[in-house]
Amino acid sequence: MPRLPAVPLMVHDPYFSVWMPDDSLTNTDTAHWCGSELPVHILFSVDGITYRLLGKGEAPYLAFTGMELTPLSTRYRFETACVRLTLSFTSPLLPDDLDRASTPISLIRAEACSLDGMAHEVALTLDASDRFCWRGDEKPEIGAYPMPYPELGMMSISQLSQKLLCHSGDGVTIDWGYLYLGAPGGKLAYDGERLRCEVHGTAGDTNAVFKLLMGYDDVASILYYGNPRKAWYARNGKDFASAMLETLARFDDLLAACSAWDERLLNEAQKIGGDDYALIVSASWRHVWAAHKLFADENGQMCFISKENNSNGCAGTVDVSYPSTPLFLKFCPELVSAMCRPVLRFARMPVWTYDFAPHDVGRYPIVNGQVYGCDGTLSVGRRPLHQPPFYLMPAQPPRYNLRGQMPVEESANMIIMLYAASYFGADGDLAKQNRETLEKWVRYLVEYGEDPGEQLCTDDFAGHLAHNVNLAAKAMVGVMCYGRMLESWGEDGSFYLNRAREMADSWLKRCCVGEGTPLTFDGRGWSMKYNLAWDRALNLGLFDRDFYLSEARSYIKHMNDFGLPLDNRKTYTKSDWELWTAAMSPDEEVRGAIISRVARYLRETPDRVAFSDWYDTVTGKHEQFIARSVQGGLYMPFICSWED
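Residues numbered from 1 in each chain as written. Predicted model: local features only at pLDDT ≥ 70, side-chain atom pairs only at ≥ 80, totals over all residues. Heavy atoms only, no water.

Draft legend 1. Up close: helix H6 (residues 407-423). Here H6 contains 17 residues, and its C-alpha end-to-end distance of 24 Å stays within 8% of the 24 Å for a straight helix at 1.5 Å per residue. Of all 17 residues in H6, 15 are buried; the element is thus mostly enclosed. (Helix = DSSP H or I, 4+ residues; strand = E, 2+ residues; numbered from the N terminus. Expected span 1.5 Å × (residues − 1). Buried < 20%, exposed > 50% of the residue type's maximum accessible area, 1.4 Å probe, protein only.)

Right under this line is the structure:
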């Protein structure tokens, strides 16, 4: 069994996110992805003798015999001399059932089997700290609300005084809403600190099976340009108690659907990259989905907002959405359009006076307009708890520090995402409805993208860079995508198609002067050209196979024990970009070398954090960035193949 950085248990959205920091189940409490303890304790008793399964406590641990991690489930196995227990946590994040995927309820199943043929009285107790419902140093008053339905014992707890959507920030937990526990025949109680559920059964001729539900009702999920919005599943008025009852009624069917999805996903991953890639997929699926919130705007249109976890907490960051798209393009392309919708809306507002795309639309969960690079008159402190309503502000004076923007980056990102969404099957109307905005952005790319001036790109932690070869590659891909977009509307896209080819020819002449392409057009260094993965994924025809073979093979000598560095300046890397680079390589040796090193990082990193996308390729230690949506980029090999 591989040791993993941290194990997802109940992982659904940026706030309801419960991880086990150590998969060896030592004396450790469960935690939120940001590190704040959210203790969940599970006890198991056999014939009156009590053992610990999860969390700190005085009872001895039940002998732990193994763990299985799949994209949607985490399963633990335990044994006593007379009973074997399997305990599973499942988050039904199914891309073909978005009502279910947006319902933050975890399925917990325990099955006890007699090993000696005798009947044994068994019981399972799960308790969850009321810290799920509040943050800070001073505990508020907490209320408990029993809901004894005939088919489901259920109870919720919450602060007595609710302040919905009362703060925003990066490494923070929720401060409003209701924690729910439920189980058929469950005995539920709140003791002033913990919400507890206890179930009993007999393991003998038949196994004892316990079904528990744990969920979190945030009541209001996103403040969207002045309108509090509920999660997608509740858009037509469904309440959380009804969602709990529905989940119980579908419990076995949901587990079967999740098992089938796991099998499908892992079979495909095995074909692409064997056990190593199957591990990467298993470690990232829930992680990626849980960095988002899906909801309907006031017109019923789907919006999919990411939180820029462990960076600055921005909402709907374009260059965070961009790397995440391969997962969603493959399995639910409409969600990529839903990522773009809030950005397009803000870009049409008077306050955004620029000819390039915004960076973000707020700080999660407050969508008031871009906060990144705003001038000092618009906020108090670097990370305010709340932001002013930028969306109500007039066009003048200029509101944003231009040096803090990513003009080529974000403009190309938006055009590529919108075209890719329609290419993989999403409705293309959103792009067509925003044609005037997209025209501004593509003209910006034509004018400034061929040889970008000193500016930030998505890898902003590396600082400003002029003449960025990889950024210029993104610009030409964006221009080509816009030409293809026009053609898909039955219009003439030849100007942009020809301009993209001219940019590609110029790019090739200026940077192919030796083995591999450089970091900058003045010939310095080297870097991964991950943005060119779209050339294959979207069949753009910018460069031929021989170019990609040469480029991919040039990376081999730069690889370290835990991966391929981002470029020559540092030994750190980004796992999403590594898999994009692997996907664009026609050379199986290069693809396998990159995938195996990312998997090795997962197995051997000394850090116990949710799968980091920014880590050092020499030490295997994470730099920063945990639990981020960008790990959707690990799925680029699903949509980018050289087989045909």
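Alright, that's what it looks like, and here's the rest.
Draft legend 2. The arrangement of the sheet that holds strand S13 (residues 187-190) in detail. Taken in spatial order, the 5 strands make up an open sheet running S4-S3-S9-S14-S13, and their pairing is antiparallel. Looking at which strands have only one partner, the edges of the open sheet turn out to be strand S4 (49-54) and S13. Mean inter-strand twist for the sheet, computed between neighbouring axes without regard to direction, equals 20 degrees. With 7 bridges connecting them, strand S3 (residues 40-46) and strand S9 (residues 120-129) associate as antiparallel partners. Bridging across to S9, serine 45 finds its partner in alanine 123. (Pairing = 2+ DSSP bridges. Axes fitted to C-alpha atoms, helices over the stretch in contact; angles between N-to-C directions.)

Draft legend 3. Seen up close, the pattern of salt bridges. Counted under the stated rule, the structure contains 33 salt bridges. Salt-bridge contacts for glutamate 246 lead to lysine 238; the nearest nitrogen and oxygen are separated by 3.1 Å. Given a relative accessible area of 31%, glutamate 246 falls into the partly exposed group. Arginine 553 is paired through a salt bridge with aspartate 587; the nearest N and O atoms lie 2.6 Å apart. Of this pair, arginine 553 sits in helix H12 (residues 545-554) while aspartate 587 sits in the loop between helix H13 (575-584) and helix H14 (588-604), and the two are 34 residues apart along the sequence. A single salt-bridge network, built from bridges that share partners, covers Asp127, Asp191, Arg194 and Arg196. (Salt bridge = Lys/Arg side-chain N within 4 Å of Asp/Glu carboxyl O.)

Draft legend 4. Highlighting the sheet that holds strand S22 (residues 612-616). Pairing is antiparallel across the open sheet formed by 3 strands, whose spatial order is S21-S22-S23. At either end of the open sheet lies a strand with only one pairing partner, and these are strand S21 (572-574) and strand S23 (622-626). Across the sheet, the axes of successive neighbouring strands diverge by a mean angle of 15 degrees, strand direction being ignored. Here S21 pairs with S22 via 3 bridges, running antiparallel.

Draft legend 5. Molecular detail of the packing of aromatic side chains. On inspection of all chains with the given rule, the structure shows 54 aromatic pairs. With a centroid separation of 5.2 Å and an interplanar angle of 55 degrees, the aromatic rings of tyrosine 322 and tryptophan 580 are classed as tilted. A residue pair is termed long-range when its members are at least 10 positions apart, and tyrosine 322 in helix H4 (residues 318-331) and tryptophan 580 in helix H13 qualify at 258 residues. On the accessibility criterion, tyrosine 322 (0% relative accessible area) is buried. Residue tryptophan 580 is classed as buried on the basis of its relative accessible area of 0%. Look at tryptophan 534 and tryptophan 580: their rings are 5.3 Å apart centre to centre, the planes differ by 85 degrees, and that puts the pair in the edge-to-face class. (Phe/Tyr/Trp six-rings, centres within 6.5 Å; stacked < 30°, edge-to-face > 60°.)

Draft legend 6. The arrangement of the packing of H4 against H6 in detail. Axis separation between H4 and H6 bottoms out at 9 Å; the angle between their running directions is 20 degrees. Relative to H6, the element H4 lies roughly parallel. Judged by the twist between their axes, the crossing of H4 over H6 is left-handed. Here Val318, Asp319, Ser321, Tyr322, Thr325 and Leu329 of H4 come into contact with H6, specifically with Glu409, Glu410, Asn413, Met414, Ile416, Met417, Ala420 and Ala421. (Parallel < 35°, antiparallel > 145°, perpendicular 65-115°, else oblique. Left-handed = near helix turned anticlockwise from the far one by under 90°. Contact = heavy atoms within 4.5 Å.)

Draft legend 7. Geometry of the confidence of the model for the protein chain. Scored by pLDDT, the protein chain comes out at a mean of 91, with 95% of its residues at no less than 70. Of all the helices and strands in the protein chain, strand S2 (residues 17-20) carries the lowest mean pLDDT, 81, while helix H5 (residues 334-347) carries the highest, 98. Across residues 377-384 the pLDDT falls below 50, and counting only partners more than four positions away or on other chains, this stretch makes 12 contacts in the model. (pLDDT = per-residue confidence, 0-100.)

Draft legend 8. Seen up close, the environment of leucine 98. Relative to the elements of secondary structure, leucine 98 occurs in helix H1 (residues 98-101). For leucine 98, a relative accessible area of 13% gives the class buried. Spatially, the C-alpha atom of leucine 98 lies 39 Å from that of valine 46, the residues being 52 residues apart in sequence.

Draft legend 9. Just the packing of helix H3 (residues 251-289) against H14, in detail. Remark: H3 packs on H14, axes separated minimally by 9 Å, with the N-to-C direction vectors making an angle of 50 degrees. Taken together, the axis directions place H3 and H14 in an arrangement best described as oblique. Along this stretch, H3 crosses H14, giving a crossing that reads as left-handed. For the pair H3 and H14, contact is made by Gly273, Asp275, Asp276, Tyr277, Leu279, Ile280 and Ala283 and by Ile595, Ser596, Val598, Ala599, Leu602 and Arg603, respectively. Residues that form the contact of H3 with H14 fall into these classes: 8 nonpolar, 2 polar and 3 charged. (Nonpolar A, V, L, I, M, F, W, Y, C, P; charged D, E, K, R; others polar.)

Draft legend 10. Quick look at unusual backbone geometry. Residue proline 365 is bonded to the preceding tyrosine 364 through a cis peptide linkage, with omega at 0 degrees. Positive phi outside glycine occurs at asparagine 310, with the angle close to 55 degrees. The backbone of alanine 627 sits at a positive phi, close to 55 degrees, despite the residue not being glycine. With respect to the element layout, alanine 627 can be found in the loop between S23 and helix H15 (636-639). With relative accessibility at 4%, the residue alanine 627 sits in the buried group.

Draft legend 11. Structural view of the pairing of S13. Examined bridge by bridge, S13 and strand S14 (residues 194-203) share 4 bridges and lie antiparallel to one another. Residue pairing in the sheet places leucine 188 in a bridge with cysteine 197 of S14. Between S13 and S14, which pair antiparallel and follow one another directly, the connecting turn spans 3 residues, one of which, glycine 192, has a positive phi of 100 degrees.

Draft legend 12. Structural view of the environment of arginine 524. Locating arginine 524 in the fold gives a position in the loop between helix H10 (494-511) and helix H11 (533-537). Taking relative accessible area as the criterion, arginine 524 reaches 45% and is therefore assigned partly exposed. Separated by 107 residues in the primary sequence, arginine 524 and methionine 417 place their C-alpha atoms 30 Å from one another. Beyond its immediate chain neighbours, meaning those up to four positions away, arginine 524 contacts Leu465, Pro518 and Leu519.

Draft legend 13. Spotlight on the nonpolar core. Counting residues in each nonpolar core, the largest one holds 206 residues, and the members touching the most others are Met214, Trp507 and Trp534. Per element, the largest residue contribution to this core is 14 residues, and it comes from H3. In contact with tryptophan 534, other than residues within four places in its own chain, are Tyr322, Thr325, Leu329, Ile416, Ala420, Val477, Asn539, Leu540, Trp580, Met636 and Ile639. Core analysis: the next-biggest nonpolar cluster, separate from the first, contains 19 residues, Leu152, Tyr180, Ala231 and Ala241 among them. (Core = buried A, V, L, I, M, F, W, Y, C linked by side-chain atoms within 4.5 Å.)

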